[in-house]
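# Remarks on the overall topology
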Amino acid sequence: MKHILCFGDSNTYGFDPLRGRYDDHTRWTRVLGTLLGPDYLILEEGLNSRTTAIDDPFEPYRNAMDYIVPCIQSHLPLDLTILMLGTNDMKNYFQPDARKINDRLRSLTEVIQNVSQAPVLLVSPVHLGESEPGDPCADLYPARSVEVSRSLAALLQQTAEELGTAFLDAARFAEPAPADHVHLSPDGHRSLARAFADKIKQMEI
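Described below are features of the structure shown in this document. (Residues numbered from 1 in each chain as written. Predicted model: local features only at pLDDT ≥ 70, side-chain atom pairs only at ≥ 80, totals over all residues. Heavy atoms only, no water.)

### So, the environment of Leu128
- Mapped onto the elements of the fold, Leu128 is located in the loop between strand E6 (120–124) and helix H5 (143–163).
- Every residue in contact with Leu128, bar those within four places of it in the chain, is listed here: Thr87, Met90, Tyr141, Ser145, Val146, Ser149, Arg150, Pro176, His181 and Val182. (Helix = DSSP H or I, 4+ residues; strand = E, 2+ residues; numbered from the N terminus. Contact = heavy atoms within 4.5 Å.)

Written out as C-alpha coordinates, the structure is:
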(Lines give C-alpha, C1' and ligand atoms only; values in the text may rest on other atoms or scores of the structure.)
Protein backbone atom coordinates (compact mmCIF):
# COMPACT_ATOMS: atom_id res chain seq x y z
CA MET A 1 0.00 0.00 0.00
CA LYS A 2 1.23 3.49 -0.90
CA HIS A 3 1.24 6.08 1.89
CA ILE A 4 0.60 9.71 0.88
CA LEU A 5 0.93 12.51 3.42
CA CYS A 6 -1.21 15.60 2.71
CA PHE A 7 0.39 18.44 4.66
CA GLY A 8 -1.26 21.84 4.55
CA ASP A 9 -3.48 24.45 6.13
CA SER A 10 -7.25 24.97 6.31
CA ASN A 11 -7.78 24.04 2.66
CA THR A 12 -6.24 20.65 3.47
CA TYR A 13 -8.11 20.41 6.77
CA GLY A 14 -11.27 21.04 4.78
CA PHE A 15 -12.49 24.22 6.44
CA ASP A 16 -16.03 25.09 5.42
CA PRO A 17 -16.57 28.87 5.64
CA LEU A 18 -20.26 28.27 6.34
CA ARG A 19 -20.33 25.24 8.66
CA GLY A 20 -16.90 24.56 10.16
CA ARG A 21 -15.51 21.51 8.31
CA TYR A 22 -16.46 19.58 5.21
CA ASP A 23 -17.36 15.94 5.74
CA ASP A 24 -15.46 12.85 4.63
CA HIS A 25 -17.25 12.79 1.29
CA THR A 26 -16.27 16.37 0.42
CA ARG A 27 -12.70 17.08 1.56
CA TRP A 28 -10.19 16.75 -1.29
CA THR A 29 -8.04 14.46 0.80
CA ARG A 30 -10.87 11.95 1.22
CA VAL A 31 -12.03 12.32 -2.38
CA LEU A 32 -8.45 11.70 -3.49
CA GLY A 33 -8.38 8.46 -1.52
CA THR A 34 -11.56 7.31 -3.23
CA LEU A 35 -10.19 8.21 -6.68
CA LEU A 36 -6.90 6.39 -6.10
CA GLY A 37 -8.48 3.30 -4.60
CA PRO A 38 -7.62 0.77 -1.89
CA ASP A 39 -3.93 0.55 -2.73
CA TYR A 40 -3.38 4.06 -1.32
CA LEU A 41 -3.58 5.35 2.25
CA ILE A 42 -4.18 9.11 2.52
CA LEU A 43 -2.79 10.70 5.68
CA GLU A 44 -4.52 14.00 6.51
CA GLU A 45 -2.33 16.65 8.16
CA GLY A 46 -4.24 19.87 7.59
CA LEU A 47 -4.35 22.60 10.24
CA ASN A 48 -6.28 25.87 10.18
CA SER A 49 -4.02 28.96 10.00
CA ARG A 50 -0.83 26.92 9.52
CA THR A 51 2.07 28.99 8.20
CA THR A 52 5.22 27.88 6.42
CA ALA A 53 7.77 29.00 8.99
CA ILE A 54 6.31 32.00 10.84
CA ASP A 55 5.05 32.22 14.41
CA ASP A 56 1.56 33.72 14.35
CA PRO A 57 1.17 36.20 17.22
CA PHE A 58 -2.57 35.51 17.41
CA GLU A 59 -2.65 31.72 16.92
CA PRO A 60 0.15 29.66 18.49
CA TYR A 61 1.48 26.29 17.28
CA ARG A 62 0.87 27.06 13.61
CA ASN A 63 4.50 27.10 12.42
CA ALA A 64 4.94 24.18 10.01
CA MET A 65 8.72 24.16 10.32
CA ASP A 66 8.41 23.41 14.04
CA TYR A 67 6.18 20.39 13.39
CA ILE A 68 7.16 18.90 10.06
CA VAL A 69 9.95 16.58 11.23
CA PRO A 70 8.00 14.76 13.98
CA CYS A 71 4.98 14.70 11.69
CA ILE A 72 6.87 12.92 8.94
CA GLN A 73 8.64 10.60 11.35
CA SER A 74 5.32 9.56 12.87
CA HIS A 75 4.04 8.50 9.43
CA LEU A 76 7.13 6.79 7.98
CA PRO A 77 7.58 5.14 5.59
CA LEU A 78 6.05 7.53 3.05
CA ASP A 79 5.76 7.27 -0.72
CA LEU A 80 4.79 10.92 -1.30
CA THR A 81 4.16 14.18 0.57
CA ILE A 82 1.76 16.72 -0.92
CA LEU A 83 2.79 20.11 0.45
CA MET A 84 0.26 22.93 0.03
CA LEU A 85 0.98 25.97 2.19
CA GLY A 86 1.50 29.71 1.80
CA THR A 87 -1.97 31.22 2.07
CA ASN A 88 -1.67 32.14 5.74
CA ASP A 89 1.71 33.75 5.11
CA MET A 90 -0.23 36.21 2.94
CA LYS A 91 -2.11 37.70 5.88
CA ASN A 92 -1.73 41.46 5.99
CA TYR A 93 -0.01 41.56 9.40
CA PHE A 94 2.83 39.39 8.03
CA GLN A 95 3.59 42.02 5.35
CA PRO A 96 3.41 39.32 2.64
CA ASP A 97 6.14 38.96 0.08
CA ALA A 98 5.98 36.25 -2.60
CA ARG A 99 9.74 35.71 -2.70
CA LYS A 100 9.97 35.27 1.05
CA ILE A 101 7.09 32.80 1.01
CA ASN A 102 8.79 30.93 -1.81
CA ASP A 103 12.05 30.80 0.16
CA ARG A 104 10.30 29.41 3.23
CA LEU A 105 8.54 26.77 1.14
CA ARG A 106 11.87 25.86 -0.44
CA SER A 107 13.34 25.24 3.03
CA LEU A 108 10.29 23.24 4.09
CA THR A 109 10.44 21.11 0.95
CA GLU A 110 14.12 20.37 1.51
CA VAL A 111 13.41 19.23 5.06
CA ILE A 112 10.62 16.94 3.84
CA GLN A 113 12.83 15.47 1.15
CA ASN A 114 15.64 14.79 3.60
CA VAL A 115 13.50 13.32 6.37
CA SER A 116 11.05 11.31 4.27
CA GLN A 117 13.49 10.17 1.59
CA ALA A 118 10.48 10.17 -0.72
CA PRO A 119 9.09 12.43 -3.45
CA VAL A 120 7.36 15.74 -2.68
CA LEU A 121 4.58 17.34 -4.70
CA LEU A 122 5.00 21.09 -4.13
CA VAL A 123 1.69 22.89 -4.63
CA SER A 124 1.05 26.57 -5.18
CA PRO A 125 -2.22 27.33 -3.34
CA VAL A 126 -5.38 28.67 -4.92
CA HIS A 127 -5.48 32.41 -5.51
CA LEU A 128 -7.18 34.62 -2.99
CA GLY A 129 -10.38 36.23 -4.21
CA GLU A 130 -10.97 39.96 -4.15
CA SER A 131 -12.97 40.83 -1.06
CA GLU A 132 -15.36 43.71 -0.55
CA PRO A 133 -15.39 45.83 2.64
CA GLY A 134 -17.22 43.89 5.32
CA ASP A 135 -16.40 40.45 3.89
CA PRO A 136 -15.17 37.93 6.52
CA CYS A 137 -11.51 38.01 5.49
CA ALA A 138 -11.27 41.45 3.87
CA ASP A 139 -8.97 42.89 6.54
CA LEU A 140 -6.73 39.81 6.66
CA TYR A 141 -6.29 39.60 2.90
CA PRO A 142 -6.39 43.02 1.23
CA ALA A 143 -5.44 43.74 -2.38
CA ARG A 144 -1.72 43.35 -1.64
CA SER A 145 -2.30 39.79 -0.42
CA VAL A 146 -4.34 38.95 -3.51
CA GLU A 147 -1.48 40.17 -5.70
CA VAL A 148 1.02 38.02 -3.79
CA SER A 149 -1.20 34.96 -4.17
CA ARG A 150 -1.20 35.43 -7.94
CA SER A 151 2.56 35.80 -8.22
CA LEU A 152 3.59 32.80 -6.13
CA ALA A 153 3.08 29.99 -8.65
CA ALA A 154 5.82 31.09 -11.05
CA LEU A 155 8.35 31.25 -8.22
CA LEU A 156 7.34 27.90 -6.77
CA GLN A 157 7.47 26.21 -10.16
CA GLN A 158 11.07 27.37 -10.57
CA THR A 159 11.86 26.21 -7.03
CA ALA A 160 10.39 22.78 -7.76
CA GLU A 161 12.51 22.48 -10.88
CA GLU A 162 15.65 23.44 -8.95
CA LEU A 163 14.89 20.93 -6.19
CA GLY A 164 13.97 18.20 -8.64
CA THR A 165 10.49 17.80 -7.22
CA ALA A 166 7.03 17.72 -8.78
CA PHE A 167 4.85 20.84 -8.94
CA LEU A 168 1.16 21.62 -9.28
CA ASP A 169 -0.60 24.99 -9.45
CA ALA A 170 -3.86 24.55 -7.55
CA ALA A 171 -5.23 27.78 -9.01
CA ARG A 172 -5.48 26.08 -12.40
CA PHE A 173 -8.09 23.71 -11.00
CA ALA A 174 -9.94 25.50 -8.19
CA GLU A 175 -10.79 28.90 -6.78
CA PRO A 176 -12.02 30.02 -3.35
CA ALA A 177 -15.68 30.08 -2.46
CA PRO A 178 -17.43 33.47 -2.58
CA ALA A 179 -18.38 33.02 1.09
CA ASP A 180 -14.96 34.32 2.19
CA HIS A 181 -12.71 34.36 -0.92
CA VAL A 182 -10.13 32.14 0.84
CA HIS A 183 -11.48 28.64 1.36
CA LEU A 184 -12.47 26.08 -1.23
CA SER A 185 -16.05 25.26 -2.14
CA PRO A 186 -17.18 21.61 -2.36
CA ASP A 187 -16.72 21.79 -6.13
CA GLY A 188 -13.22 23.16 -5.58
CA HIS A 189 -12.35 20.23 -3.33
CA ARG A 190 -13.56 17.72 -5.91
CA SER A 191 -11.75 19.45 -8.77
CA LEU A 192 -8.50 19.63 -6.82
CA ALA A 193 -8.78 15.98 -5.82
CA ARG A 194 -9.05 14.98 -9.49
CA ALA A 195 -6.02 17.12 -10.34
CA PHE A 196 -3.98 15.47 -7.59
CA ALA A 197 -5.08 11.99 -8.66
CA ASP A 198 -4.02 12.67 -12.26
CA LYS A 199 -0.68 14.09 -11.09
CA ILE A 200 0.04 11.13 -8.80
CA LYS A 201 -0.67 8.71 -11.64
CA GLN A 202 1.60 10.77 -13.89
CA MET A 203 4.34 10.55 -11.24
CA GLU A 204 3.81 6.78 -11.08
CA ILE A 205 3.55 6.78 -7.30
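Text resumes after the structure shown.
### Digging into the sheet that holds strand E4 (residues 40–46)
- The 5 strands lie next to each other as E4-E1-E5-E6-E7, forming an open sheet whose pairing is parallel. Two strands bound the open sheet, and with one partner strand each, they are E4 and strand E7 (166–169). Across the sheet, the mean angle from the axis of one strand to that of its neighbour is 20 degrees, orientation sign disregarded.
- Alignment of strand E1 (residues 2–8) against strand E5 (residues 80–84), held across 5 bridges, turns out to be parallel. Across the sheet, the residue bridging to Gly8 is Met84, located in E5.
- Where helix H3 (residues 64–75) meets the sheet, it contacts E1 and E4, and its direction lies at approximately 165 degrees from that of E1.
- Each of E6 and E7 is contacted by H5, which is oriented at about 165 degrees to E6, the strand it contacts most. (Pairing = 2+ DSSP bridges. Axes fitted to C-alpha atoms, helices over the stretch in contact; angles between N-to-C directions.)

### Focus: the pattern of salt bridges
- Within this structure, the stated rule accounts for 12 salt bridges.
- Arg27 serves as the salt-bridge partner of Asp24, at 2.7 Å between the closest nitrogen and oxygen.
- Judged by its relative accessible area of 4%, Arg27 is buried.
- For Arg190, the salt bridge identified is with Asp187, shortest N-O distance 2.5 Å. Within this pair, Arg190 and its partner Asp187 are both found in helix H6 (residues 186–203), separated by 3 residues, close to a single helical turn.
- Under the relative-accessibility criterion, Arg190 is labelled partly exposed at 33%.
- On the accessibility criterion, Asp187 (53% relative accessible area) is exposed. (Salt bridge = Lys/Arg side-chain N within 4 Å of Asp/Glu carboxyl O. Buried < 20%, exposed > 50% of the residue type's maximum accessible area, 1.4 Å probe, protein only.)

### Observations concerning the side chain of Asn88
- Tracing the sequence through the fold places Asn88 in the loop between E5 and helix H4 (98–116).
- In this structure the side chain of Asn88 is engaged in a polar contact, spanning 2.9 Å, whose partner is the backbone oxygen of Arg50.
- Setting aside chain neighbours within four positions, we find Asn88 in contact with Asp9, Ser49, Arg50, Thr51, Phe94 and Tyr141. (Polar contact = N/O pair within 3.5 Å; in protein donor to acceptor, adjacent residues only side chain to side chain.)

By themselves, these figures tell us nothing about what the structure is for.
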